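Chain residues, written in single-letter form:
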Amino acid sequence: ADVIVEREFVTAMVHQGYLEPHSSTAMWREDYHVQVWTSTQGAFAIRDQVAGLLNIPLSNVRVAPTEIGGGFGGKFTDYTDVPAAILSRKSGHRPVKMTMSRTEVLLATGPTSGSYIRVKMGATKDCGITAAEADMIYEAGAYPGSPVGAGAGVILAPYRLENVKIDAYEVVNNRPKTGAYRAPGGTNAAFASEAVIDELAEKLNIDPLEFRRINGCVEGDRRPDGPTYGRIGFIETLEAAKNHPHYKAPLTGKNRGRGVASGFWFNGSNQSSVTVIVNADGIVSLVEGSTDIGGSRASAAMMLADTLQIGVDQVVPQVVDTDSIAMTGGTGGSSVTFKIGVTIHKAGNKIIEMMSAGLAEHWEVDASTVQYGDGVFTSGSNSMSFKDAAKENYEADLKEALERGDVQAVVDPQEIHQLQAQSRGVGSLRSGDGTKSGDALAKAQNALAKVSLAWGKLFGMAELINRRVTFIAAYRMAKANGNADPAKCAIDAINETQFTYNKGNRPQWSRGAIG
């Protein structure tokens, strides 16, 4: 090398400093199911930790992520969830809330590592880097687990290096165990390497962005820790920055400067699940499991709207608990927009495919002739907006289900209330008040059968269960009132009960209302 720069860098342990401390509310129910409401970046991670530490089945734990007052990587650990759950059991299965004080947060939760880093790099006069080496020592706190591995992967990752050596160590010391903090391990590593890159460029009298462009990695180059890069945009970002008016503008006045730096991160990913529901009015419900700590619900809605070619105001996103969505990894590692973007895009395309098939049947054309663009389905002279297509598909699906017998009862609230009132007559008939009128009994039996089946259908129960519930109710009623053939009476109650669908107002009932 014609020019060599070697520097040492020391950074201190620092806490994430989120405004909201760790806080949880837990209720350990008598049936050994635990419900947790908690401020977390990973509801499924908390579920796994709670189940493991309490030694109860995973399916017995339900975690609902609350709105979070900052996390930055520091809210993946069940500091308050398990103690709150144990106290709930001890207090007679009452809900218990536990919130850390700021002092407790600083003493007991994981900050990022302090570090010592030495970087040595050399370059030729034509500005090509000849070799680079780095020694990295990160403190882990009281237990192993520092992010030094990630730091080693980050420190020299942007550059094409024929000769490179990276030694990385963690040291256990008498401090709180470290945790993740915004690209854990990577920020102090990049600070060290980028400072040396800048000094090399200064010694070689070359623009720092141009020096990075000359030595920057492109697709096919090998990263220092082994993997080969796929398609990346490093050179493109350097050129865009270099050609931007802000970079070309002259520096005027006293104490003015301009700094640049490049960085790498792994863009980590894991499981992602979304549920997309197209409602009859064209509004799309987007259900996801990724905790929103920085606006990811908005980006998720935008990506789905873009895929479906509808307005973002037509998409309603929400984050739900661990029982309401399939396995979803935590919100961290710059992963959420990427992973849910892929999942949402696939779901959106599948919806377009399904809606196209439904319209093809409606228009009586081949499905391959149905095209979709700018929010409109077309086939020959036929056309229909997304909103109208949503309504058409909804009504067609309902009609088909009714014809198959999959849906037997969707009633409006007024009818439910009337049926309930009629079915209460059963109690009077069985109370020995001497009013065992055959007509009244039949009316009450029929009402009870309707109510049973209606409730079942509203909650989406299987057809077999609905029929069984109705049969048992009618059978017991008939037998209690001296019917000669209670089984036939029960079968008649199922087969002869007719239902109508009120498409103007489908009722919504809570499960608690059943009791």
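Structure shown above.
In this text the structure is predicted, and so the values were computed from the model without any measurement.

Each value, and the rule that gives it
- Residues numbered from 1 in each chain as written.
- Predicted model: local features only at pLDDT ≥ 70, side-chain atom pairs only at ≥ 80, totals over all residues.
- Heavy atoms only, no water.
- Salt bridge = Lys/Arg side-chain N within 4 Å of Asp/Glu carboxyl O.
- Helix = DSSP H or I, 4+ residues; strand = E, 2+ residues; numbered from the N terminus.
- Buried < 20%, exposed > 50% of the residue type's maximum accessible area, 1.4 Å probe, protein only.
- 1 Å grid on protein atoms, 1.4 Å probe; cavity = no way out; pocket = protein on both sides within 12 Å on 5 of 7 lines; lining within 4 Å.
- Points joined across faces, edges and corners; volume = space filled by probe spheres on them.
- Nonpolar A, V, L, I, M, F, W, Y, C, P; charged D, E, K, R; others polar.
- Contact = heavy atoms within 4.5 Å.
- Polar contact = N/O pair within 3.5 Å; in protein donor to acceptor, adjacent residues only side chain to side chain.
- Phe/Tyr/Trp six-rings, centres within 6.5 Å; stacked < 30°, edge-to-face > 60°.
- Lys NZ or Arg CZ within 6 Å of the ring centre and 35° of its normal.

Caption draft 1: Representation of the pattern of salt bridges in the model. Applying the stated criterion across every chain yields a total of 20 salt bridges. Note that Lys 242 is salt-bridged to Glu 210, the shortest N-O span being 2.6 Å. With a gap of 32 residues between them, Lys 242 in helix 7 (residues 234-242) and Glu 210 in helix 6 (residues 208-215) connect regions that are remote in the sequence. Overall, Lys 242 belongs to the partly exposed group, its relative accessible area being 29%. The closest approach of N and O atoms between Asp 292 and Arg 297, which form a salt bridge, is 2.8 Å. The structure contains a network of salt bridges with shared partners spanning Glu 6, Arg 118, Glu 133 and Asp 135.

Caption draft 2: Seen up close, empty space enclosed by the protein. Going through the model one piece at a time under the given rule, you end up with one cavity of 30 Å³ or more. Reported here for the largest cavity is a volume of approximately 40 Å³. Lining the largest cavity, in full, are His 22, Ser 23, Ser 24, Thr 38, Ser 39, Thr 40, Ile 46, Lys 75, Thr 77, Tyr 79, Thr 80 and Asp 81. For the lining of the largest cavity, the per-class residue count stands at two nonpolar, eight polar and two charged.

Caption draft 3: Representation of helix 6 within the structure. For helix 6, the set of buried residues is Leu 209, Glu 210, Phe 211, Arg 212 and Asn 215. Where helix 6 is buried, its residues meet strand 6 (115-123), strand 7 (129-141), helix 5 (186-203), helix 7 and helix 8 (245-248). Its side-chain oxygen at 2.8 Å from the backbone nitrogen of Leu 209, Asp 207 defines the N-terminal cap of helix 6.

Caption draft 4: Structural detail: the packing of aromatic side chains. Under the criterion given, the structure shown has seven aromatic pairs. When the centroid spacing of 4.3 Å and the interplanar angle of 35° are considered together, the rings of Tyr 372 and Phe 377 count as tilted. The exposure class assigned to Tyr 372 is buried, which follows from its relative accessible area of 16%. Members of the aromatic cluster, each reached through a chain of ring pairs, are Tyr 229, Phe 264, Trp 265 and Phe 266. For the cation-ring pair, Arg 89 lies above Trp 28, with the distance from its terminal atom to the ring centre recorded as 4.5 Å.

None of the figures reported here should be taken as evidence of function without further support.
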